[in-house]
Amino acid sequence: MLADVFPFRYKTRVTDAQPLKPLVWVAGSKRDLMAMPDEVQDVFGYALHLAQSGGKHDQAKPLRGQGSAGVLEVVEDWHGDTYRAVYTVKLGAAVYVLHCFQKKATRGIATPKPELDLIATRLKAAEAHAKGATP
């Protein structure tokens, strides 16, 4: 019997897992994600699932210039194109998906300013929602 060979027990049971935080899609972020290639959707979907369960995807990193709201970015390269998903886990008891987009800038790896401005606007709307105000 396997228990005789491996007598150690797991310290936590699956039933002891914390419930997932809900996802809140800000503006058109879900529509934008669904328009991406299936493989990219899988990577971003898994990253968001990890965020909902309190974890962090290996590719998730802080997005610079967005203050202390815990804004994270996941970058995925697929067939020569770069895709990004931006979300925050620091507002209330939810994961707010702020923006999903394909980076189209032809130079450098920096996030284009119009995208950063859109993320900042959506972050303010998410903060208002988390506080119970209508954005």
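Residues numbered from 1 in each chain as written. Predicted model: local features only at pLDDT ≥ 70, side-chain atom pairs only at ≥ 80, totals over all residues. Heavy atoms only, no water.

Visitor: How do you make sense of the environment of K131 when you look at a structure like this?
Guide: Inspection of the secondary structure assignment puts K131 in the segment after helix 4 (113-130). The exposure class assigned to K131 is exposed, which follows from its relative accessible area of 74%. A C-alpha to C-alpha distance of 7.7 Å links K131 and G92, two positions 39 residues apart in sequence. (Helix = DSSP H or I, 4+ residues; strand = E, 2+ residues; numbered from the N terminus. Buried < 20%, exposed > 50% of the residue type's maximum accessible area, 1.4 Å probe, protein only.)

Visitor: What is the right way to look at the sheet that holds strand 5 (residues 95-103) in this model?
Guide: To summarise the sheet geometry, strands pair through backbone hydrogen bonds and adopt either a parallel or an antiparallel arrangement. Spatially, 1-5-4-3-2 is the arrangement adopted by the 5 strands of the open sheet, whose pairing is mixed. Of all strands in the sheet, those bounded by a partner on one side alone are strand 1 (23-25) and strand 2 (60-62). Ignoring which end each strand starts from, the neighbouring axes of this sheet average 35 degrees apart. Pairing of strand 1 with strand 5, which is carried by 3 bridges, proceeds in the parallel orientation. The partner of W25 across the bridge, within strand 5, is V97. With respect to the sheet, helix 3 (residues 38-52) is in contact with strand 1, strand 3 (71-78), strand 4 (81-88) and strand 5, its orientation differing from that of strand 3 by roughly 155 degrees. Sheet strands touched by helix 4: strand 1, strand 3, strand 4 and strand 5. Its angle to strand 5, the strand with the most contacts, is close to 165 degrees. (Pairing = 2+ DSSP bridges. Axes fitted to C-alpha atoms, helices over the stretch in contact; angles between N-to-C directions. Contact = heavy atoms within 4.5 Å.)

Visitor: Mind showing me how you'd approach the environment of K30 here?
Guide: Among the secondary structure elements, K30 is positioned in helix 2 (residues 29-34). By relative accessible area, which is 44% here, K30 ends up partly exposed. As for K30 and L98, which are separated by 68 residues in sequence, their C-alpha atoms are 9.2 Å apart.

Visitor: Would you mind going over the environment of W78 with me for this structure?
Guide: In this fold, W78 is placed in strand 3. Using a relative accessible area of 27% as the deciding quantity, one classes W78 as partly exposed. The sequence separation of W78 and P37 amounts to 41 residues, and the corresponding C-alpha distance is 8.4 Å. Dropping the residues within four chain positions of it, W78 is found in contact with P37, E39, V40 and Y83.

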